[in-house]
Structure formats: structure tokens, C-alpha cells
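If you want the building blocks of each chain, they are given just below.
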Amino acid sequence: MTSHTTAALPAGSESAGNAPGEKAPRSSSGFGRYLINRISGTIVSLIAIVFSAFFIFRVLPGNPVENLMAEFENPSPELQAALIEEWGLNDPLPVQFWNYLTGLLQGNLGTSIQFGVPVNQLFADRLFPTLLLGGVALILAVILGYGLGAQAAWRHGTGFDRRTVYTALVFFAAPTFWVAMIAIIIFSRELRLFPTGRMRSAGAGDNFFAQFLDVGYHMILPTVTLTLMMYSGYLLTMRAAMLDEMGNDYLTTARAKGLRDNVVQRKHAMRNAMLPTTTVVFMSIGNLINGSLITEMIFSWPGLGYTFYQAISVPDYPVLQGLFVIFAGSTVLANLAADIMYWFIDPRARKA
């Protein structure tokens, strides 16, 4: 608002849109509406996830008990009937859904048909390998993607820029299983540098240091594969954000003050370019649990993704339902966290 329009307002008014004596709306009320809108959308999404988790796996072909009985020689019909009764597979579908829904609201995901243990316990045992693999790969991918993306934008149009972008596009377009299989063929089968899968060796020893080295040795190939599949998105996002910043006058002003080129890049251009890329990282944290699903399958990494692969062949309904809720729910909640964070770091969100 200019000084002329302010002077034309009646005395005591706070803004052109307010009545005399009425105070301007506080930013906290705007944040309250923004938060309610985002939480409302999140709740709707979570309800859809809960319903979908039950019905989507009921259309899979095959009976879980018959598939399990196929592993035994001459299983008795009485045993098969007892297992069907134990897991409630003879109950009408609405009854099964009600049991699933009430159990989920109480934090009880049921008992695994395949492993015969509580699903909560199974997930607790398998969560750490997934977080370990996905967390290390995410950190490496962010460092590599943001570093190379900033350098490529700063050296825009050079051979380094073209090679960096072309390489990133190759990994961006390549399927994960293809990259994983190429890595296994080259580094495990031909060069015999790394194991083809699993998290631990049979004779690794019992002390912590030996276990640590053994897990790290098994992690190298799946971590590199997952990092290559993730870094290209961060690189392209950072490069685009940096190119947008490079045309601004404040960079010319910074250079005119005598600042070194790397200081202008790191402390001015890259800092402002981090704004849109931070949201991408937050959303990636939500995908941390489910993003390594295919990598865990290829390398037999005993995490939640590999558990999903094992469960879908039965099909183990309680495990599949729980994993679907965790995978989709974590992504939705991470998007909510990114939206809330965006309110504080991006002024455009407060003006929307």
C-alpha cells in the first residue's frame, strides 16, 4: 500500500479492507485455516487408505490356507478347516472388515498367516533394516544430487553440465530392478566383490564390531543402487531451482561487493534455491519406508519391502493390509509435514 492510499483512509483504520477501528486479521488465523484445510485433506486420504488396504488385497487370486497347505505332504482336511476357522476366512466379508477395522483402531494388525507371529512384532523386527538402507541411501542421494545439481547449474551449458544431466536422466528413466540386476552381474557375479544379497553372513561372528562390518559389507551394493535411483530427482530439481536464481540481481550485487564466485554460489544462490528442494526431501522421507521395496526384493534385504514380497505370494492378508497402511500413511503424513513447513519457509504459501 502506498503512502497516498494510506493517507486517504479514515483515521484509525488498519487497512483498506477493514472497517474503521477494526484490526487487520492476524497471521495466526490464516495459519489456522491453512492447517485445518491440510489436516482435513490428510484425514480423508487416511480413511481412503484404511478402506483400500482391506478390499484391494481381497481380489488377489489364491487362497492363503491352500497355498500354505501345498508345502505339506497329504495335509488333512481337518487341519485346513481349523486354520480357515482360526483366521476367520469363512466369516462374511463385512465381519472380516469390522474385525480388521476395530483391530486397526486398537493398534492390533492381527497375526501373520505365513509366519504365525503378531504382525506388529514382525514389522518391528523388519523396520530397522528398511530404515537403515533407506536412510543411508537418502542422505547420500541428497548430498550427491544437490551438490552436482548446483555445480551443473553454475556451469550451465558446459560439457560438465551436459554430462551430469544426461547421466541423471539415464538413472531417472531406468527401472530399479534393471540397475540392481546389472550391479549384481558386474560386481557380484563377474568381479565377486560383494555378496548378491542378504544382510548378514552366516559366520560373521558375535561381537558388535564384526557384525557392524558384515552389515556394512552387505549394504554397499543395495545402497549404491538405491542412491543412484534417488539422486537424479534431487539433481534435476536443484539444477532448475539454481537456474531460476541465477538471473536475479542480488547475485550481481554480491559479485559487485567483491565476493568470491564460490561464496556467491554457496551462500546466496544455493541458499535460496534450497527452498523448493527442501519440500522434495520432506516428501522423500515419507517414501523412505516404501521407496526401497524393489531394491529389498532384488537383494533379499530383510526389511519391510522384502516382507511385502513374501506376503503377496501367499497372500498373507494381515501383513499386506498393515504394510499398505504404513506405506501409504507415511507418505500422506510426510506430505502434511511438508505443507506445514512450507507455510513457514515460503511467503507465497501465506499469501495463497
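These numbers come from a predicted model, not from an experiment.

Conventions we followed
- Sequence order as written defines residue numbering, which begins from 1 separately in each chain.
- With pLDDT at 70 or above as the cut-off, local features in this predicted model cover only qualifying residues; side-chain atom pairs require 80 or more to be listed or tallied, and sums for whole chains, interfaces and linings still use all residues.
- Side-chain measures here rest on the full set of heavy atoms in the structure, leaving out hydrogens and waters.
- We count a salt bridge whenever a side-chain nitrogen from Lys or Arg sits within 4 Å of a carboxyl oxygen from Asp or Glu.
- A run of H or I in DSSP becomes a helix once it reaches four residues, and a run of E becomes a strand once it reaches two; helices and strands are each numbered from the N terminus.
- Classification of residues uses two cut-offs on accessible area relative to the type maximum, computed with a 1.4 Å probe and protein chains only: under 20% is buried, over 50% is exposed, and between them is partly exposed.
- In the cavity and pocket records, a cavity denotes points on a 1 Å grid over the protein atoms alone where a 1.4 Å probe fits but cannot get out, a pocket denotes an open set with protein on both sides within 12 Å along at least 5 of 7 lines, and lining residues are residues with an atom within 4 Å of a point.
- Grid points are joined across faces, edges and corners, and a volume is the space filled by probe spheres set on the points.
- Throughout this entry, Asp, Glu, Lys and Arg are counted as charged residues, while Ala, Val, Leu, Ile, Met, Phe, Trp, Tyr, Cys and Pro are counted as nonpolar. The remaining residues, Gly among them, count as polar.
- Here the limits of each domain have been adopted from an automatic or database domain assignment.
- Distance thresholds for patches are 9 Å for like charges and 5 Å for nonpolar side chains (Val, Leu, Ile, Met, Phe, Trp, Tyr), applied to residues having over 30% relative accessible area and no salt bridge.
- For the area figures, the Shrake-Rupley method with a 1.4 Å probe applies, and any residue is considered shielded solely by the protein chains shown.
- Note on charges: Lys and Arg go in the positive column, Asp and Glu in the negative column, and His and the chain ends are not counted at all.
- For the purpose of locating charges, the reference atoms are NZ of Lys, CZ of Arg, CG of Asp and CD of Glu.
- Fitted lines through C-alpha atoms give the axes, limited to the stretch in contact for helices. The angle between two N-to-C directions lies from 0 to 180 degrees.
- For this classification, under 35 degrees means roughly parallel, over 145 means roughly antiparallel, 65 to 115 means roughly perpendicular, and everything else is oblique.
- Crossing handedness: left-handed means the near helix sits turned counterclockwise from the far one by under a right angle, and right-handed means the same turn made clockwise.
- Between two residues, a contact is recorded if the distance between any of their heavy atoms is within 4.5 Å.

### Description of the pattern of salt bridges
- A complete count under the given rule lists three salt bridges for this structure.
- Taking the shortest distance from any N to any O, the salt bridge between Asp 339 and Arg 38 comes out at 3.5 Å. Placement of Asp 339 in helix H14 (residues 317–345) and of Arg 38 in helix H2 (residues 27–55) is noted, with a sequence separation of 301 residues between them.
- Classification of Asp 339 as partly exposed rests on a relative accessible area of 28%.
- Salt-bridge contacts for Asp 261 lead to Arg 255; the nearest nitrogen and oxygen are separated by 3.5 Å.
- Given the relative accessible area of 40%, Arg 255 is considered partly exposed.

### Structural notes on the layout of surface pockets
- Approximately 440 Å³ is the volume found for the largest pocket.
- Forming the boundary of the largest pocket are 20 residues, of which Trp 87, Asn 99, Tyr 100, Gly 110 and Pro 318 lie nearest the centre.
- Per-element tally for the lining of the largest pocket: the top contributor is helix H5 (residues 93–105), with four residues.
- For the lining of the largest pocket, a count of residues per class yields eight nonpolar, nine polar and three charged.
- Three or more residues apiece are contributed to the lining of the largest pocket by two domains, here domain 1 (33–112) and domain 2 (123–350).

### As for a positive patch on the surface
- Together, Arg 260, Arg 266, Lys 267 and Arg 271 line one region of the surface with positive charge.
- Mapped onto the secondary structure, Arg 260 falls in the loop between helix H10 (249–256) and helix H11 (261–286).

### So, the packing of helix H7 (residues 159–173) against helix H9 (residues 208–246)
- Following both chains from N to C, one finds H7 and H9 inclined at 135 degrees, their axes separated by 8 Å at the closest point. Relative to H9, the element H7 is oriented oblique. When you trace H7 past H9, the crossing you get is left-handed. On H9, the residues touching Asp 161, Thr 164, Val 165, Thr 167, Ala 168, Leu 169, Phe 171 and Phe 172 of H7 are Leu 228, Met 229, Tyr 231, Ser 232, Gly 233, Leu 235, Leu 236 and Arg 239.
- Broken down by class, the residue content of the contact of H7 with H9 amounts to ten nonpolar, four polar and two charged.

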